[in-house]
Every structure is written in C-alpha cells, then in structure tokens.
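# Summary of the model geometry
Take a look at the letters that make up each chain.
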Amino acid sequence: MSASPMNVGIIGCGVISTAYIRGATRSSHIRVQSVADIREDAARSQASAMGVGYATIDELLADPSIEIVINLTVPNAHADVSRRILEAGKHVYSEKPLTVSVEQAQALLHFAAERGLRVGCAPDTFLGASHQACRALLDEGRIGKVLGGAASFLSRGMEAWHPNPDFFFKPGGGPVLDLGPYYITVLVNLLGPVRTLTATASTGYPTRRIGSGDRADEEIIVETPTSYSALLTFESGARFTLDASWDVWKHQRSPIEIYGTEGSLLVPDPNFFGDEPKVSKRAEEWQAVDISAFAFGERNRTLRTGREVADHRSIGVVDMALAIKDARPHRASGELALHVLEVLLAIGRSARESQVVEIGSRCERPIPVSPGDNELVFEASNQPHPGKVA
Ligand SMILES: NC(=O)c1ccc[n+]([C@@H]2O[C@H](COP(=O)([O-])OP(=O)(O)OC[C@H]3O[C@@H](n4cnc5c(N)ncnc54)[C@H](O)[C@@H]3O)[C@@H](O)[C@H]2O)c1
C-alpha cells in the first residue's frame, strides 16, 4: 500500500459532510484537502469546524493536488456538479442517488469512461461487516440456492423530528427514493441485478404535521405516494417482495429475509454496517452469524433513539482511492449505482402505470471484501472513531 494519502475535495457542506470528513480522518489512504459549497459561508464554517481547507468551487476544481472530488450536494444538483468534477479531470464519488434520472446517470458514466475517470457512489454500507458476512455465507452456499425473500422498511416518516420535512412528501421524495438505495444496493451485492418488477403505491395521509422546530404544527400537503409494495425478480430467478412505507406506526418485520433451498438468512439493517445477521439450517433454530472477522463492524455512533450502531460512511471513497492506485475495479461503482437508480425509479413508474417494468441496465456484483482482504484493503482506515457522528 502506498504511504501517501490521496487528496480529496468535497463539494457540498451540509449535514452529511461531517460524517465524510470524520471518516476521512480515520483513514491513512485519503486526506481532505479542501471543502467548497455554493454557499461559501457554509464551506468556510465547515472547514474551520472540521480543521480542513476551504476553497471556492472553482479553486477546488483547479487544484492539481486533488484526485477525487466527493459530491455531497442535493440530489437535483448531483448530475451537474459531478459532470463539472469530471470536466476538471478528477474522479467523482457522489452521495446517493447518483442522479435523478437514468438518462443523466448513463450520460455521466459515458462521459467519465471517455476520459478514463472513475465514478463512485454511495451507499457503501454493503462493504461493512454485516453485509459482507451475509455475502460470504450466501456465496458458500450455506442456505443453498436463493429462491426468494422479503425486504421492508416501514415507519411513520420524518415529519415528527425533521424541522423542514416538506421535500420528503413532494414529487422526488417518498420512502423508495430516500431509503431504497440502501436496500436495493445490499440486495444487488448479495444476489446480482434485478431483471423485472411490478409495484403498487398509495398515500396513507393527505397531510402531515411538522413535529419540531420553528414550523412545529404547520401542515404539509402530501404530494407523493408514501407506501409502496413491489415484486422484484432478479436475474438469478429469485423473487423478492419489497414494502416501503411512511404510513406504519409499529411492525415486527425484518429489514431483509432471504429464503434458500437449505435454510433462511436474516440480513440486518442496510443503513448500517455492524448489526448481527442470523441464519437457519432448514427449519432449525436461528443461529447468530459471527461478523467479527470482517472489517467495519464496530459500533461508533449513537442514534437519537439511543441505539448504538456502526457507521463507517466514506469507506467507499477509501476503496475507490485504493482501487485507482492498484488499477482494480472499485466496489461502490457508478454501474452499481445506475442499476440501483433504475430499479428505484422503475418502482415508481410501475405503480403509476400499473405495468411490469423490465430493467435495462445490468451490473456485476462488487468484489467481496473477504476477511483475508481486510488488512490489505482497508488496513489503516479501520481505526476507532475519533468522536460520535451526530
Ligand atoms: N443527511 C443525511 O443523513 C444523509 C444520509 C445519507 C445520504 N445523504 C445524501 O447526501 C446528500 C446531501 O445531503 P445533506 O443532508 O448533507 O444535504 P444538505 O441540504 O444538508 O446539504 C447539501 C449542501 O449542498 C450545497 N449545494 C446545493 N447545490 C449545490 C451546488 N450546485 N453546488 C455546490 N453546492 C451545492 C448546499 O448549499 C448544501 O450546503 C444528498 O444526496 C442526500 O441524499 C444524506
């Protein structure tokens, strides 16, 4: 492994930028050279709070020492900002979603390929211990051939705690586009690409009431479906139901259950890195899966609810930096993100048009991170977290 870290820049200094800057400080492979934002004040104050350099967007893009730029702007700006990064001759790693349309994503990947530049994209939770342990277990055939399963992410949504939750309930919002990237990315990592799907949708409540902040008690008109049920058929033939809703107070369903010819697997929350999977041999009792041999399982963040979780966001960037140096494919790739985006948008389209939708894009499953790879691949980035991420 090279001793010198790769310099990265960050465009977009909002909520998630703190987690990325902290993540980078835990790695000896990348170093945040500077941060920028369309709101220069936001970039200045984040640079000073986090002890990294400040730059205007033009300065950051012109800095020859920066090789990767992380795009942490809002989804509608992703395509334009990522294209500018590529035009500046730099690799781009974007927060999810890669873009807001399949056409934009295809154009971006094409533009990067023409220039020999990389596109990477969040989420990178599938690189964590929970999901890599599940991947190894499936690849070893522990539950036999996967026939199908179920995924669900069900809650009451964001209006109780988020001070400005309007966008969650407008077109472009809704539970599938918000949390779906985590679930579909984990499923594609485990099972390969999706071939077709069909979906239905509904809106549970015509209005929502803001529960916190200056606008508490203000009513929001809901303009997007808030509950979806989809049936996904994977290229492998496996069939999955997916339920996504912000209309549910309480439930007892697992994030992801996978049913094979020789047993079943409970896959933990795809939003985090270190919860414990469970496996059954045929109809026998559930057994906890030991994830300790895999990197990025240690708990380092306390949620509002008090739950301790492992959150190592930014390891996808570290993997991309190492992949560039080693001339190997990176795992949280643009091709994976394009496929995931196409699936998410197809769920909305199928529900609107009452049609089965064929998914046009295909992607390879990312290279697994086996326990033997940990030291080689992630080595110094698997350090204790210097502080809690809010
Ligand atoms: N907040 C989270 O918990 C979270 C979690 C996972 C993923 N994400 C993703 O991360 C991205 C950013 O989310 P966030 O919560 O940090 O948003 P945010 O609104 O807090 O911050 C976005 C920042 O981007 C800047 N920006 C917007 N357009 C820009 C442009 N054209 N050029 C330069 N800067 C621009 C804004 O000024 C703002 O500072 C989104 O894609 C989101 O889906 C957020």
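The structure presented is a predicted model; accordingly, all values stated were derived computationally and were not measured. Each chain carries its own residue numbering, running from 1 in the written order of its sequence. The model is predicted, so local features are restricted to residues of pLDDT at least 70 and side-chain atom pairs to those at 80 or more, both for listing and for counting; the totals for chains, interfaces and linings are taken over all residues. Side-chain numbers here rest on the full set of heavy atoms in the structure, without hydrogens or water.

The next thing to look at is the pattern of salt bridges. When a carboxyl oxygen of Asp or Glu is within 4 Å of a side-chain nitrogen of Lys or Arg, the pair counts as a salt bridge. As enumerated under the stated definition, the model contains 25 salt bridges in all. Where Glu114 meets Arg115, a salt bridge forms, and the shortest distance between an N and an O atom there is 3.2 Å. In this structure, a network of salt bridges that share partners links the residues Arg156, Glu159, Arg208 and Asp247.

We call a residue near a molecule or strand whenever a single non-hydrogen atom of that residue lies within 4 Å of it. Around the ligand sit 21 residues, and of these Val15, Ile16, Asp37, Arg39 and Lys96 come closest. Pairs of N or O atoms are called polar contacts if they sit within 3.5 Å, as long as, within protein, a hydrogen donor faces a hydrogen acceptor (for residues adjacent in sequence, only side-chain-to-side-chain pairs). Within the contact set of the ligand, an oxygen atom lies 2.7 Å away from a side-chain nitrogen or oxygen of Arg39. Between an oxygen atom of the ligand and a side-chain N or O atom of His78, the distance comes to 3.1 Å. Throughout, the Shrake-Rupley method with a 1.4 Å probe supplies accessible areas, and for residues the shown protein chains are the sole cover considered. Protein coverage of the free-state accessible area of the ligand, which is 820 Å², stands at 74%. For this scheme, ten residues count as nonpolar: Ala, Val, Leu, Ile, Met, Phe, Trp, Tyr, Cys and Pro. Four count as charged, namely Asp, Glu, Lys and Arg, and the remainder, Gly too, count as polar. Considering only residue class, the shell around the ligand consists of twelve nonpolar, four polar and five charged.

Moving on, we get to the nonpolar core. Within soluble globular proteins, side chains that are nonpolar generally end up buried alongside one another. One finds Leu232, Phe240 and Ile258 to be the most contacted residues of the largest nonpolar core, which totals 81 residues. Only DSSP runs of H or I covering at least 4 residues are called helices, and only runs of E covering at least 2 are called strands; the numbering of each starts at the N terminus. Sort the elements by how many residues they give to this core and helix H7 (residues 175-191) lands first, with ten residues. The source of the domain bounds is an automatic or database domain assignment. Of the residues that make up this core, three or more belong to each of domain 1 (6-125 + 314-351 + 358-381) and domain 2 (126-301). Dropping the residues within four chain positions of it, Ile258 is found in contact with Leu138, Ile143, Val146, Gly148, Gly149, Leu190, Phe240, Gly263, Ser264, Leu265 and Val267. The term nonpolar core refers to a set of buried residues drawn from Ala, Val, Leu, Ile, Met, Phe, Trp, Tyr and Cys, joined through side-chain atoms within 4.5 Å. Throughout, exposure labels follow a simple rule: accessible area from a 1.4 Å probe, protein chains only, divided by the maximum for the residue type, with under 20% read as buried, over 50% as exposed, and the rest as partly exposed. Core analysis: the next-biggest nonpolar cluster, separate from the first, contains 25 residues, Val69, Phe111, Leu117 and Leu341 among them. Throughout, a residue-residue contact means that at least one pair of heavy atoms, one from each residue, lies within 4.5 Å.

What follows is about the sheet that holds strand E4 (residues 68-71). Here the rule is simple: two strands pair whenever DSSP picks up at least two bridges between them. The parallel open sheet is built from six strands, whose spatial order is E3-E2-E1-E4-E5-E6. Whereas interior strands pair on both sides, the edge strands pair on one side only; in this sheet they are strand E3 (53-54) and strand E6 (119-121). Interaxial angles span 0 to 180 degrees and are taken between N-to-C directions of axes, which are lines fitted to C-alpha atoms, for helices over the stretch in contact. Packing against the sheet, helix H4 (residues 78-87) makes contact with strand E1 (6-11), E4, strand E5 (91-94) and E6, and its axis sits at approximately 155 degrees to E5.

Below, the discussion takes up the packing of H7 against helix H9 (residues 334-353). Where H7 meets H9, the axes come as close as 9 Å, and the angle between the chain directions of the two elements is 125 degrees. Between H7 and H9, the angle falls in the class oblique. The hand of the H7/H9 crossing is right-handed. Note on element contacts: H9 touches H7 through Leu336, His339, Val340, Val343, Leu344, Leu345 and Ile347, opposite Val176, Leu177, Gly180, Pro181, Ile184, Thr185 and Val188. A per-class count over the contact of H7 with H9 returns eleven nonpolar, three polar and no charged. In this scheme, roughly parallel covers angles under 35 degrees and roughly antiparallel covers those over 145, while 65 to 115 is roughly perpendicular and the rest are oblique. The crossing is said to be left-handed when, going from far helix to near helix, the turn is anticlockwise and less than a right angle, and right-handed when the turn is clockwise.

Moving on: the side chain of Asp247. For Asp247, the location among the structural elements is in the loop between strand E12 (239-245) and strand E13 (256-260). Within the structure, Asp247 has its side chain in polar contact with the backbone nitrogen of Gly204 (distance 3.1 Å).

Take the sheet that holds strand E16 (residues 287-288) next. Ordered by their spatial adjacency, nine strands build an open sheet running E16-E15-E14-E13-E7-E12-E11-E8-E19, and the pairing between neighbours is mixed. The outermost strands of the open sheet, each flanked by one partner alone, are E16 and strand E19 (357-358). Two elements, E13 and strand E14 (residues 263-267), share five bridges in a ladder whose sense is antiparallel. Pairing of Gly260 across the sheet is with Gly263, part of E14. Across the sheet, helix H6 (residues 129-139) lies against strand E7 (146-154), E13, E14 and strand E15 (278-281), angled at about 165 degrees from E14, the strand it touches most. Against the sheet, H9 makes contact with strand E8 (194-202), strand E11 (227-234), E12 and E19, and its axis sits at roughly 45 degrees relative to E8, the strand it touches most.

Here, a disulfide means two cysteine sulfur atoms that sit within 2.5 Å of each other. Considering all chains together, one arrives at zero disulfides under this definition. We note that Cys13 lacks a disulfide partner, and the nearest cysteine sulfur, in Cys121, lies 18 Å from it. A disulfide-free cysteine, Cys134 has its sulfur positioned 18 Å from the sulfur of Cys363, the nearest such atom. Looking at Cys134, the relative accessible area reads 1%, which means it is buried.

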